[in-house]
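# Descriptive structure summary
One-letter residues, chain by chain:
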Amino acid sequence: MSHKFKIGQRVRQARRFGSVDHGGAASSIFEVVRLMPEERSGEPAYRIKSTAGERAVLEGELTLAS
């Protein structure tokens, strides 16, 4: 499986059940900074960052920001 998003693209992380968004809409927009290897499940992973910090996520958690 290949990566759907590219470095530099702006994406949104889908809210997980029970999560709280403390920063408002702007904090939910991230920039893809690194393509990571696929997980054991075969799903591609990414490093994304925002002003609040950087994190690793799976492709299924992301959508393209408009």
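Rules behind the numbers
Residues numbered from 1 in each chain as written. Predicted model: local features only at pLDDT ≥ 70, side-chain atom pairs only at ≥ 80, totals over all residues. Heavy atoms only, no water. Core = buried A, V, L, I, M, F, W, Y, C linked by side-chain atoms within 4.5 Å. Buried < 20%, exposed > 50% of the residue type's maximum accessible area, 1.4 Å probe, protein only. Helix = DSSP H or I, 4+ residues; strand = E, 2+ residues; numbered from the N terminus. Contact = heavy atoms within 4.5 Å. Pairing = 2+ DSSP bridges. Phe/Tyr/Trp six-rings, centres within 6.5 Å; stacked < 30°, edge-to-face > 60°.

## Points about the nonpolar core
In terms of nonpolar packing, the biggest core is built from eight residues, these being Phe-5, Val-11, Phe-30, Val-32, Tyr-46, Ile-48, Val-57 and Leu-62. Only β2 (29-36) and β3 (45-50) provide two or more residues apiece to this core. Those residues in contact with Val-11 that lie beyond four places of it in its chain are Phe-5, Ser-28, Ile-29, Phe-30, Val-32, Ile-48, Leu-62, Thr-63, Leu-64 and Ala-65.

## Describing the pairing of β3
Bridge analysis of β2 against β3 gives five bridges, and the strand direction is antiparallel. Within β3, the position partnered with Leu-35 by the bridge is Tyr-46. Judged from the six bridges that link them, β3 and strand β4 (residues 53-58) form a sheet pairing that is antiparallel. Bridging from a neighbouring strand, Lys-49 pairs with Glu-54 of β4. If you look at the hairpin formed by β3 and β4, you'll find two residues sitting between the two strands.

## Quick word on the packing of aromatic side chains
By the definition in use, this model includes one aromatic pair. Arranged with centres 5.7 Å apart and planes meeting at 65°, the rings of Phe-5 and Tyr-46 form a pair that is edge-to-face. Placement of Phe-5 in the segment before β1 (10-13) and of Tyr-46 in strand β3 is noted, with a sequence separation of 41 residues between them. The pair formed by Phe-5 and Tyr-46 is uniform in burial state, with each residue classed as buried.

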